[in-house]
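# A look at the structure
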Amino acid sequence: MRRTSASRMLAIRRSSGALLALSLCILIVTAACGGGASPTATVATAPTATASAAATSTSTSGGTAATPTAGAETPTTAPESTATVSAAAPTATSTEATPSDATLTVYSGQHESLTKALADGFTKATGIKVEVRVGSDAELANQIIEEGDRAKADVFITEEPSQAGALDGRGLFEAVDPGTLAHVDGRFNPASGNWVAYAARSRVIFYNPDKISEAELPQSILDLANPEWKGKFAYAPSGAFTATVTYLINTIGEDATLEWLKGIKANGENLQKNGAIRDAVEAGQISFGLSNHYYWYILAQQQGGQDKLKSKVHYMSGGDPGALVLASGAGILKTSTHQAEAQRFLAWLTDADGGQQVIATTTPQYPLAPGVTSSMGLRPLDQLDPPAFDQGSLQDVSKARDLIIEAGIV
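These notes cover the structure that comes with them. A quick note: this is a predicted structure, and the numbers were derived from the prediction, not measured.

## Details of the overall build of the chain
Helix and strand counts for the chain stand at 12 helices and 11 strands. The contacts in the chain between residues at least 6 apart in sequence include a share of 80% that link residues at least 24 apart. In the structure as shown, the chain presents an accessible area of about 16000 Å², 52% of it carried by carbon and sulfur atoms.

## Brief notes about the nonpolar core
Most often, soluble globular proteins keep nonpolar side chains buried together rather than apart. Ranked by internal contacts, the top residues of the largest apolar core, which has 68 residues, are Val155, Phe156, Ile157, Phe345, Leu346 and Leu349. In contact with Phe156, not counting residues within four places along its chain, are Tyr107, Asp137, Leu140, Ala141, Ile144, Gln163, Leu167, Phe173, Gly329, Ala330, Gly331 and Leu333.

## Comments concerning the pattern of salt bridges
Any two side chains of opposite charge can pair if their charged atoms end up close together. A full pass over the atoms with the stated rule returns 8 salt bridges. We note a salt bridge from Lys116 to Asp120, for which the minimum N-O separation is 2.8 Å. Placement of the pair is Lys116 and Asp120 together in helix α2 (residues 112-126), with a separation of 4 residues, close to one helical turn. On the basis of relative accessible area, Lys116 is assigned to the partly exposed category, the value being 26%. Arg201 is the partner of Glu160 in a salt bridge, and the nearest nitrogen-oxygen pair spans 3.9 Å. Of this pair, Glu160 sits in the loop between β4 (155-157) and α4 (161-169) while Arg201 is found in strand β5 (residues 196-207), placing the two residues 41 residues apart along the sequence. Via salt bridges that share partners, Glu159, Glu160 and Arg201 belong to a single interconnected network.

## Let's talk about the packing of aromatic side chains
This structure, assessed with the given rule, holds 9 aromatic pairs. Plain terms: the ring middles of Trp229 and Phe288 are 5.7 Å apart, the flat faces sit at 90 degrees to each other, and that makes the pair edge-to-face. Note that Trp229 is positioned in the loop between β5 and β6 (233-235) and Phe288 in strand β8 (residues 288-292), a separation of 59 residues in sequence. Phe288 sits in the buried class, given a relative accessible area of 0%. When the ring of Phe241 is compared with that of Trp260, the centres are 6.2 Å apart and the planes differ by 25 degrees; the resulting orientation is stacked. In this pair, Phe241 sits in helix α6 (residues 239-252) while Trp260 sits in helix α7 (residues 254-267), placing the two residues 19 residues apart along the sequence. Judged on exposure class, the residue Phe241 and its partner Trp260 are both buried. Within the aromatic cluster, the residues linked to one another by ring pairs are Phe122, Phe345 and Trp348.

## Let's talk about the environment of Leu403
By the element assignment, Leu403 lies in helix α12 (residues 398-406). Residues Leu403 and Lys262, 141 residues apart in the sequence, show an inter-C-alpha distance of 9.3 Å. Those residues in contact with Leu403 that lie beyond four places of it in its chain are Ile249, Glu254, Thr257, Leu258 and Leu261.

## Details of the pairing of strand β10 (residues 325-332)
Counting buried positions along β10 gives 8 out of 8 residues, so the element sits mostly inside the fold. Residues Val325, Ala327, Gly329 and Gly331 point to one face of β10 and Leu326, Ser328, Ala330 and Ile332 to the other, with burial holding for every one of them. Pairing analysis gives 3 bridges linking β4 to β10, with the strands arranged antiparallel. Across the sheet, residue Val155 finds its bridge partner in β10, namely Ile332. Relative to β10, β5 runs antiparallel, the two being bridged by 6 bridges. Looking across to β10, one finds that Val196 is bridged to Ala330.

## Section: the packing of α6 against α12
Contact geometry of α6 with α12 gives a least axis separation of 8 Å together with a crossing angle of 105 degrees. As judged from the angle between their axes, α6 and α12 are roughly perpendicular. On α12, the residues that touch Phe241, Thr242, Val245, Thr246 and Ile249 of α6 are Lys399, Ala400, Leu403 and Ile404. Classifying every residue of the contact of α6 with α12 by side-chain character gives 6 nonpolar, 2 polar and 1 charged.

## A look at helix α10 (residues 339-349)
Counting buried positions along α10 gives 9 out of 11 residues, so the element sits mostly inside the fold. Three or more residues of α10 are buried, namely Glu341, Ala342, Gln343, Arg344, Phe345, Leu346, Ala347, Trp348 and Leu349.

## Things to note about the pairing of β5
Regular strands place side chains that alternate from one sheet face to the opposite one. Buried residues dominate β5, accounting for 12 of its 12 residues. Relative to strand β11 (residues 366-367), β5 is paired through 2 bridges, and the arrangement is antiparallel. Its bridge partner lying in β11, Ala199 is registered against Pro367. Direction of pairing for β5 relative to β8: antiparallel, over a ladder of 5 bridges.

## Some details on α6
The terminal C-alpha atoms of α6 lie 20 Å apart, and with 14 residues this matches the ideal 20 Å at 1.5 Å per residue to within 8%. Counted residue by residue, α6 has 11 buried out of 14 residues, so it is predominantly covered. The complete set of buried residues in α6 reads Gly239, Ala240, Phe241, Thr242, Ala243, Thr244, Val245, Thr246, Tyr247, Leu248 and Ile249. Count one or two residues on from α6 and you reach Gly253, which has phi positive near 95 degrees.

Calculation rules
- Residues numbered from 1 in each chain as written.
- Predicted model: local features only at pLDDT ≥ 70, side-chain atom pairs only at ≥ 80, totals over all residues.
- Heavy atoms only, no water.
- Helix = DSSP H or I, 4+ residues; strand = E, 2+ residues; numbered from the N terminus.
- Contact = heavy atoms within 4.5 Å.
- Areas by Shrake-Rupley, 256 points an atom, 1.4 Å probe, with all protein chains shown as cover.
- Core = buried A, V, L, I, M, F, W, Y, C linked by side-chain atoms within 4.5 Å.
- Buried < 20%, exposed > 50% of the residue type's maximum accessible area, 1.4 Å probe, protein only.
- Salt bridge = Lys/Arg side-chain N within 4 Å of Asp/Glu carboxyl O.
- Phe/Tyr/Trp six-rings, centres within 6.5 Å; stacked < 30°, edge-to-face > 60°.
- Pairing = 2+ DSSP bridges.
- Axes fitted to C-alpha atoms, helices over the stretch in contact; angles between N-to-C directions.
- Parallel < 35°, antiparallel > 145°, perpendicular 65-115°, else oblique.
- Nonpolar A, V, L, I, M, F, W, Y, C, P; charged D, E, K, R; others polar.
- Expected span 1.5 Å × (residues − 1).

Keep in mind that these numbers describe shape and distance, not what the molecule does.
Now the structure itself:
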């Protein structure tokens, strides 16, 4: 059902008010948790964890904050301004369905504070309670696989596309409502249509202009295997790095990818964490490093603005693998006994007036609904130049993990 203009404006006003209150709550929680401390990045690793080491159970939305098992990074920040919404943005309809007394269980590999903000926002919009379990993408994916028909999760949301794709590849997801898929930029949805992209991060280079100019940076990350770059850059074998390696395997083949990894090992400095790369570049300890864009924007928020930082962000172009944009995904387990409510969650998560506003105003990750723009000063998504590929094609990271080990990186 299409909304009238009057009802849409009323919905936006209500949504803006709710989001302002929600953002203030997040700011308070972040401050209480020592948000001024130097952040440490923690990212999803290759899927080696077992269920016994998996996620820590958390709270129902509106209750006690979740307790993560996978790192302590707090990437969300207080909003600087209100995100903009296109009048032409698609509108979800299933979020307006009749009330339900069900409680959804969401397994989340996303950052804890963003997950809680999304759960609280959905509950506020629909009255449906959400119980969240947080951990790394790989831990939770393995837990779902091991639980099998006894899986407690209704919905699985991830940071990276790989683990959403892995469960999709095993046939564990229900198809997503086509109307929900249409809410977001279709470039980031998997071809299968069995999970939906709701946020994204871009691979970038952080560089220190005191050490190297932007013009002197490599034209491609593939060049980093050349000896001329020895000692000049840093990297971290994170989940996004593993996704990049999977992409390279799919595009240039295993042998070429292994040779590239050996070059990275020989020439680069492995700082283990993306946050450590950012901090080393900012301090002038190294000229540049490979990372995800939002780490730099988190630091800029904490330091009082982008102009307070010495380092800068370089977005690679020409469809280079260093410009990959990786989707965060959400899927519904076939074993869920709350299918209708789970579809409503995904519809709200991707709605320009719903979850996309939460993402736009509380984290430097990219919202994906057309017309919704981040308030964090990001380079607009439509100005990036990533390679085109099926996000679902990154579902098998096992070969990437093997090559990373064979190259001696881990």
